[in-house]
Amino acid sequence: MKILGTGSALPEKVVCNDDLTLFLDTSDEWISTRTGIRERRVLSEETLLDLANRAAENALENAKVAAEDLDMILVTTAKGEAVTPATACMVQGAIGAHCPAFDLNAACAGFLYALDTADAFIASKKAKTILIVSAEALSRFCDWKDRSTCVLFGDGAGAVVVGEGDGLIGTKLFAQSNEPILYAYGDPGNSPYEREKHPLTPLHMAGQEVYKFAVSHSSRDLLELIERAGKTPDEIDHYLLHQANLRIVEAVRHRLHQPEAKFPHNIERTGNTSSASVPILLDELNRAGKLKTGDLIAMSAFGAGLSTGAALLRWTL
Ligand code: ACO
């Protein structure tokens, strides 16, 4: 499998740290020094589906692939536009594709899970060309009165078109059940039969525990993938890490003894966009001409589950 093109879309509305101080007991100083975040984009006029469609269309254009030539659409999202149908089916209709489409939820690691899933479909010859869209609107299920979570997140969508080729070198998926430290609940129905129903609960996160898990597992996943490929960390050109906290990116970088330039970041502008963060960053680098043919790219993401995903690939565009 190889990547044929990338796309992304962010909401128009920019919310900077000072804007949050109008209704939260927080400060630009706390948020920027603890996380690296200076501003984030949040849905206001547009919908999550608008972002997903825009990212999809940008990726198709970049890949020079027509929507009718897609064999599958995968959308990764922690919470799509609706409980049902799948956001992937909505994207299919909007872009004029005719292929199977489904959603996949692996929280912030979703894009890496989708890359591996797409690779399996392509390797088994069940599909040749697949669109992956990672679209997230955490602003919709954060508690905007909880300063320990809402300041961290932003909305956005990133997309790639993948096809047959020899770009993907390896992947690693991992999950370790730990619901109490990162969750959000909510079903709109009112079944009279279900005895223990979770009340609507916005996103809850035990930040420090997630932090420790992220640093140790992201470093471990990356080192394992690089070693499995017979490479060393020095041979990797770009490390694209989930943009959850700049301190996590820095901690992983130190563990791998790598220079800052190899760990690009956009968290200062986007906040944590969950599974969309790695493909948005990839698209920004691609469009800025920072990826050269043959470059080795290592990706890693972690999130609720807890789950992690990593991939090593050679840039073939
Ligand atoms: N503004 C001001 N003060 C704050 C804020 C805020 N926005 N948030 C918390 N504080 C306070 C706390 O109340 C606490 O005060 P206290 O010492 O008086 O009790 C103090 O700051 C320190 O809080 P900590 O939680 O210890 O701060 P920490 O340095 O651990 O940073 C953070 C918190 C940023 C959440 C960090 O732990 C982190 O990044 N964790 C990982 C998050 C992550 O990666 N999530 C990814 C998955 S998300 C997903 O899957 C949906």
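Above this note sits the structure.
Residues numbered from 1 in each chain as written. Predicted model: local features only at pLDDT ≥ 70, side-chain atom pairs only at ≥ 80, totals over all residues. Heavy atoms only, no water.

How would you sum up the environment of Thr-293? Please name residues and give values.
The topology assignment puts Thr-293 in the loop between α9 (277-287) and β12 (296-303). C-alpha of Thr-293 to C-alpha of Thr-316: the two residues are 23 residues apart in sequence and 5.1 Å apart in space. When sequence neighbours within four positions are dropped, the list of residues in contact with Thr-293 reads Trp-315, Thr-316 and Leu-317. In this structure the side chain of Thr-293 is engaged in a polar contact, spanning 2.6 Å, whose partner is the backbone oxygen of Leu-317. (Helix = DSSP H or I, 4+ residues; strand = E, 2+ residues; numbered from the N terminus. Contact = heavy atoms within 4.5 Å. Polar contact = N/O pair within 3.5 Å; in protein donor to acceptor, adjacent residues only side chain to side chain.)

Go over the site of the ligand with me, naming the residues and quoting the values.
In the vicinity of the ligand, 26 residues are found, and the nearest of them are Thr-26, Arg-34, Cys-108, Gln-208 and Asn-245. Within the side chain of Thr-26, an N or O atom sits 2.7 Å from a nitrogen atom of the ligand. Note that an oxygen atom of the ligand is positioned 3.2 Å from one of the side-chain N or O atoms of Trp-30. Contact with the protein chains hides 75% of the accessible area of the ligand, taken as 1000 Å² for the molecule alone. Broken down by secondary-structure element, the contributors of at least two residues to the shell around the ligand are α2 (28-35), α6 (207-228), α7 (246-256) and β12. (Near = heavy atom within 4 Å. Areas by Shrake-Rupley, 256 points an atom, 1.4 Å probe, with all protein chains shown as cover.)

Can you lay out the sheet that holds strand β8 (residues 168-175) for me, pointing to particular residues and giving the numbers?
Sheet strands line up and pair through hydrogen bonds in the backbone, either parallel or antiparallel. Strand order in the open sheet formed by four strands is β8-β13-β12-β11, and the pairing between neighbours is mixed. Looking at the sheet topology across the chains shown, the edges are occupied by β8 and β11 (238-241). The sheet shows a mean angle of 10° between the axes of neighbouring strands, taken without regard to direction. Examined bridge by bridge, β8 and strand β13 (residues 307-314) share seven bridges and lie antiparallel to one another. The partner of Lys-172 across the bridge, within β13, is Ala-310. (Pairing = 2+ DSSP bridges. Axes fitted to C-alpha atoms, helices over the stretch in contact; angles between N-to-C directions.)

Could you give an account of the sheet that holds strand β6 (residues 129-137), with specific residues and numbers?
Reading across from one edge, β1-β7-β6-β4-β5 is the order of the five strands in this open sheet, with mixed pairing throughout. Every other strand in the sheet has two partners, leaving β1 (2-9) and β5 (101-104) as the edge strands with one partner each. The average angle at which neighbouring strand axes cross in this sheet is 20°, direction not considered. Sheet topology note: the β1/strand β7 (residues 155-163) ladder contains seven bridges and is antiparallel. Bridging from a neighbouring strand, Ser-8 pairs with Gly-158 of β7. Docked against the sheet, α9 engages β1, β6 and β7, running at close to 100° with respect to β1.

Give me the lowdown on the environment of Ala-107, citing residues and values where you can.
Topologically, Ala-107 is positioned in the loop between β5 and α5 (110-123). Judged by its relative accessible area of 11%, Ala-107 falls in the buried class. Note: C-alpha distance between Ala-107 and Asp-119 (12 residues apart in sequence) is 19 Å. Apart from residues lying up to four places away in sequence, Ala-107 is in contact with Glu-136, Ser-274, Ser-275, Gly-303 and Ala-304. (Buried < 20%, exposed > 50% of the residue type's maximum accessible area, 1.4 Å probe, protein only.)

Got a sec to walk through the packing of α6 against α7? Specific residues and values, please.
Packing of α6 against α7 brings their axes to within 9 Å, and their N-to-C directions diverge by 40°. Taken together, α6 and α7 sit at an angle that is classed as oblique. The interaxial crossing formed by α6 with α7 has right-handed handedness. Of α7, the residues touching α6 (which contributes Tyr-211, Ala-214, Val-215, Ser-216, Ser-218, Ser-219, Leu-222 and Leu-223) are Arg-247, Ile-248, Ala-251, Val-252, Arg-255 and Leu-256. Partitioned by chemical class, the residues of the contact of α6 with α7 number nine nonpolar, three polar and two charged. (Parallel < 35°, antiparallel > 145°, perpendicular 65-115°, else oblique. Left-handed = near helix turned anticlockwise from the far one by under 90°. Nonpolar A, V, L, I, M, F, W, Y, C, P; charged D, E, K, R; others polar.)

In short, geometric facts, not functional conclusions.
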